[in-house]
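Reading the structure
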Amino acid sequence: MASHFRCENVMVRFGGVVACNDVSLDVEEGKIVGVIGPNGAGKTTLFNVLSRFQDFSEGKLFYREQRIDRFRPHQMVRLGLARTFQNINLFVEQSVLSNILIGSHCLIGNPLASLFWLPGARRTEQELTERAIETAALLHLERDLDTVVKHLPYGHQKRVELARALASRPKIILLDEPVAGCNDEESAELEKIVRRINRELGITVVLVEHDMSMVMSVCDYIYVLNFGANLARGTPAEIQSNPDVINAYLGKEE
Amino acid sequence: MNEMGAAGRRFARGNALEAANLAPEAAAHAQRQRLALADAKARFQKQNWVGTVALFAVAALFPVLPGVEGWMAYTVALVIIYVIATQGVAVLTGYTGLVTVGHGGFLAIGAYTSALLTKHYHTELITGLIAGGLMSAFIGCLLGLIFLRLSGAFMAIGTLGFAFFVGTIVNNVNLFEGREGISLPKNRILIWEIGDVGFYYVALAVFALTTLLVYCLVRSGVGRALMALRDAEKAAESCGINRVFYRTLAFSLSAFITGLAGVLNGHIVRFIASEVYADIWYSVDFLVAAIVGGSSFLMGPLLGGIFVALLPFFLEELRELAFILKGVALILVLMFAPAGLAEVFGRPWRAWRRNKLERVRNDGARVSRASLDKLTKLEAR
Amino acid sequence: MFGQQVMSGLATGSLYALTAVAVVVVFRNTRVINLAQGDFAMIAAFLGIVFLKNFQLNYYLMLPLVILCSMLLGVLVERLVMRPIADTDWLTLFTATLGVYYILHGVAGWVWGRDTKAFPVTFDAKPISVFGTLVSEGHLFNMAWAVCIGLVLFLFFKYTKQGIAMRAVTDDPETAKLMGIPVRFIVLLTWAMAGFLAAFAGILLAPIVYVSPEMMDEVLVKGYVAAVFGGLYSIPGAILGALMIGVAENLAGGYLGAHYKTATAFAMIVVLLTFRPKGLFGIQARREI
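Given the structure is predicted, the values throughout are model-derived calculations rather than measurements.

For chain B, the count of helices and strands is 17 helices and 4 strands. Counting over 381 residues, chain B shows a buried share of 56%. Within chain B, residue pairs in contact and separated by at least 24 positions form 80% of the contacts whose partners lie at least 6 positions apart. Carbon and sulfur atoms form 66% of the exposed surface of chain B, whose accessible area is close to 16600 Å².

Residue and element names in this part refer to chain B. Confidence in the prediction for chain B averages 84 pLDDT; 86% of positions are at 70 or higher. Within the model, the stretch residues 1-20 combines pLDDT values under 50 with 47 contacts to residues more than four positions away or in other chains. With a pTM of 0.88, the predicted complex shows an ipTM of 0.89.

Now for the pattern of salt bridges. All chains considered together, the criterion is met by 25 salt bridges over all chains. Note that Arg230 of chain B is salt-bridged to Asp231 of chain B, the shortest N-O span being 2.9 Å. Overall, the relative accessible area of 28% leaves Arg230 of chain B in the partly exposed class. Residue classification places Asp231 of chain B among the partly exposed positions, given a relative accessible area of 28%. Ionic contacts of the salt-bridge type, sharing partners, join the residues Arg6, Glu8 and Glu65 of chain A into one network.

Using the criterion set out here, one finds 30 aromatic pairs over all chains in the structure. Between Phe141 of chain C and Trp145 of chain C, the aromatic rings sit 6.5 Å apart at their centres with planes inclined by 80°, giving edge-to-face as the arrangement. Note that Phe141 of chain C and Trp145 of chain C are positioned in helix 5 (residues 137-159) at a spacing of 4 residues, about one turn of the helix. Here the aromatic cluster, defined as three or more aromatic residues joined through ring pairs, consists of Tyr82, Tyr112, Phe176, Tyr277, Tyr282 and Phe286 of chain B. A cation over a ring is seen here: Arg70 of chain A above Phe56 of chain A, with NZ or CZ 5.7 Å from the ring centre. Sitting above the plane of the Phe85 of chain A ring, Arg83 of chain A keeps its charged end 4.3 Å from the centroid.

What follows covers the interface of chain A and chain B. Tallying the contact residues gives 45 residues for chain A and 50 residues for chain B. Summing both partners gives a buried area of about 4100 Å² for chain A against chain B, and 60% of it is carried by carbon and sulfur. Applying the counting criterion to the chain A and chain B interface returns 2 salt bridges. A salt bridge links Glu125 of chain A to Arg224 of chain B; the nearest nitrogen and oxygen atoms lie 2.6 Å apart. Counting across the interface, chain A meets chain B through 7 residue pairs in polar contact (both at pLDDT 80 or more). Per element, the largest residue contribution to the side of chain A that touches chain B is 8 residues, and it comes from helix 5 (residues 121-138) of chain A. Its residues placed into classes, the side of chain A that touches chain B shows 20 nonpolar, 11 polar and 14 charged.

Below, the discussion takes up a nonpolar patch on the surface. Residues and elements named next belong to chain B. Among the surface-exposed residues, Ile126, Ile130, Leu134, Leu190, Ile191 and Trp192 lie close enough to one another that they form a single nonpolar patch of about 650 Å² accessible area. Looking at the secondary structure, you find Trp192 in strand 3 (residues 192-193). For Trp192, a relative accessible area of 55% corresponds to the exposed category.

To continue, consider unusual backbone geometry. Its identity as a non-glycine residue notwithstanding, Asn9 of chain A has a phi of 50°, on the positive side. Although it is not a glycine, Arg31 of chain C sits at a positive phi angle of roughly 65°. Assignment of secondary structure puts Arg31 of chain C in the loop between helix 1 (2-30) and helix 2 (37-54).

Take the 2 pairs of chains in contact: the one carrying the most contacts is chains A and B. The closest approach of any C-alpha atom in chain A to one in chain C is 14 Å; the two make no contact.

Now for the sheet that holds strand 1 (residues 3-14) of chain A. All names here are of chain A. Spatially, the 4 strands line up as an open sheet ordered 2-1-4-5, and their pairing is antiparallel. In the strand order of this sheet, the two ends are held by strand 2 (17-28) and strand 5 (66-67), each with one partner. Inspection of the sheet shows strand 1 paired to strand 2 by 8 bridges, in the antiparallel sense. Paired with Val10 across the bridge in strand 2 is Val23.

On to the nonpolar core. Side chains of a nonpolar character, in soluble globular proteins, are inclined to be buried together. Ranked by internal contacts, the top residues of the largest apolar core, which has 252 residues, are Ile173 and Leu207 of chain A, Tyr246 and Leu264 of chain B together with Leu232 and Ile269 of chain C. Considering every element that reaches this core, the biggest residue donor is helix 8 (residues 183-209) of chain C, with 15 residues. Discounting residues that sit within four places of it in the chain, Ile173 of chain A has contacts with Ala82, Leu162, Ala165, Leu166, Ile203, Thr204, Val205 and Val206 of chain A. Formed by 30 residues, the second largest nonpolar core is a distinct cluster that contains Val33, Val35, Phe47 and Leu79 of chain A.

Definitions and cut-offs
- Residues numbered from 1 in each chain as written.
- Chains lettered and ligands numbered in written order.
- Predicted model: local features only at pLDDT ≥ 70, side-chain atom pairs only at ≥ 80, totals over all residues.
- Heavy atoms only, no water.
- Helix = DSSP H or I, 4+ residues; strand = E, 2+ residues; numbered from the N terminus.
- Buried < 20%, exposed > 50% of the residue type's maximum accessible area, 1.4 Å probe, protein only.
- Contact = heavy atoms within 4.5 Å.
- Areas by Shrake-Rupley, 256 points an atom, 1.4 Å probe, with all protein chains shown as cover.
- pLDDT = per-residue confidence, 0-100.
- Salt bridge = Lys/Arg side-chain N within 4 Å of Asp/Glu carboxyl O.
- Phe/Tyr/Trp six-rings, centres within 6.5 Å; stacked < 30°, edge-to-face > 60°.
- Lys NZ or Arg CZ within 6 Å of the ring centre and 35° of its normal.
- Buried area = accessible area lost by both parts, 1.4 Å probe.
- Polar contact = N/O pair within 3.5 Å; in protein donor to acceptor, adjacent residues only side chain to side chain.
- Nonpolar A, V, L, I, M, F, W, Y, C, P; charged D, E, K, R; others polar.
- Patch = residues over 30% accessible without salt bridge, like charges linked within 9 Å, V, L, I, M, F, W, Y side chains within 5 Å.
- Pairing = 2+ DSSP bridges.
- Core = buried A, V, L, I, M, F, W, Y, C linked by side-chain atoms within 4.5 Å.

Next up, the structure:
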């Protein structure tokens, strides 16, 4: 199995607090990888490191064996990495279509050509719009294309964010708590969508999630973090029976 | 390596609708509906074009109307210059979300660049416009880089500092001749001398160009990127938008447009002195015009510019009353039309369009002939 | 010479501080960059003339009356203009204060005219020796007042119920509301305090710059710059910023030439914002602005 994306021995400090201590993670091509851990385990920090929103003091970051330690977030998208946010972070005043189009920003080509509508820019624009509509259809959003995002229900907004991430045609997608705040029905639907993204579109998925049932049913393998450090790695079955993990979640009996 | 499904390969080719595994008839319906909507939107766009062209046509006829004298053309040209400068502010404040109280500085840069070229090298107006605009854009680019990390009120005060800085320089550096000022000869386009009416057409032409520029900007991927940065900076970066590049680009474009206005402003009066350009009230007025008009609407700068520029004209005698009225009007607009006059005037228009789109969506199969042709072509592909 | 420049710089700086502190207090409680702050002071100075000349009042009788009127003006502006639009974004609020600026400018010009007026009370330029440096009496008087006001503010924020409630609103308006603090009243009080500070700024500045509708424009802008030094958030930061600006521009004026006086403050702000985009005192504003 080829390593698609990995970090080695990542260290992040906030003042005196160590948010990530020597964390390593290896994401294999085409898999769904879960990252779990109790509150404050450093999951979100790790996520921000992986998408380059957070700098780290020590450690290495690889994308297909290419060192990307100092990439800026927008460069990650060019590499083929897209992410979503824990609390939905959409352009709420704009329509669903615009949101998805913004997601496909890395495909507009030369920005100056786009600005002055040079020949080719019009065609690119048309293609991007068509693709945006197709992406929306994939996530059952085709009826809401012209709706302003802030008027949509929560579950829809989650899917818009996913659509926006998919619009950049990523090879790997980072989902930060995709079902947080969703009801059972919405969760089940998102779970299905995550599976399809992986199986049918061949996109590698990394997801941080609190909802254990989703992680256990969807992931190929799981990393467990505790107090900012690696605790365990294994298949869902292995994790569920790992005594360290059980201790971390339920508290150690002294 | 997990086997990429057939649908995945189709998606990779850019055909997600098939990938979505919709039933063929549902897919066809969706496609038809989409085309109907696109068709309706294209018609709206055409209406926009016709409306704008009509507006410019009326403006172009204005000086030749009976009873219109040279000074009227001169006055309207001054208003147009105000509107152009406001467009520059709107690019930065409205679309990019960076509040600027310093665009009077760019007005000065445009005006002085062209004035000095005219004085020392006897250049004509078009050269002046290009040079003034580019000089202003260059300084704008630098300022954008210097203020890269500023936002909100800090940006407002930083840009105010810039305006003061430019003011001090033109006041004190000998090249700019301070309060003595620079007098310009009669304006020339290439080799022809122009008077007030001629200048009116030059201003109108520049206005048409800047309007086109802003229009293209807003509808392009670049405009989308700027608005994305304005609405949610982190999310925008996660979409692959290069914050440094686009902020600097917005600064340059905005400075370019206001710089053009500066060149015109200098040449219409034919006298440039630090007394006028060191004053920060230009900067404040442009911001007010952008906000009152509605800075994220294409027509906003026009309405706001007229509002701010014309009020003192009508009340020349009653200076203090003009001040009070300006303040009251400004507060009333903010209370009752916080998104700007353009938003209020455009309301019925947009409601009509929304209804129309809703109707098209509801009986999606109703497609115009042209789109049906397009549809069959698409299906044949 | 140097010591003298520094001393008179501190004196000017302490007047900037009055404006800067008012800007900070209003901003951190209401998100409003108050462009009308200078005009509150300008109106106060005109009222001072009215009370001293037309009513023949004594200086120390005039002062409380002017303070009262000025606080009332602040409260009026809050009730009539700012409260109806309190929920909008900061840019709208900012522009609204510009509207107030125009109105007050117009009213002052209408009632009292555009030409500058001398303030009836002036101070001798007679220098007094303090620690070996010569300081004019007026500067000393202003500095003494500024220090007193600073002390009053400190005690107010530290010990009174209203002062503590005000700080709570600054820190977190939502929680403050839940804790039963009357946020609306506190906001009103904030504007009254802006008026209070403006009254002193106007009265103390009046003998130095003459009274006219435009008298405060430059001071106001310097006040903002000073407020930015404190990150628009910290009162001590704003005071320190104001003193630094006062001294720096006096030195620049003395050694480089008078032209560079105004530019100094802005050169400082451009440099500051380039390296510390949230102000010198690194206090992260809690609310996104």
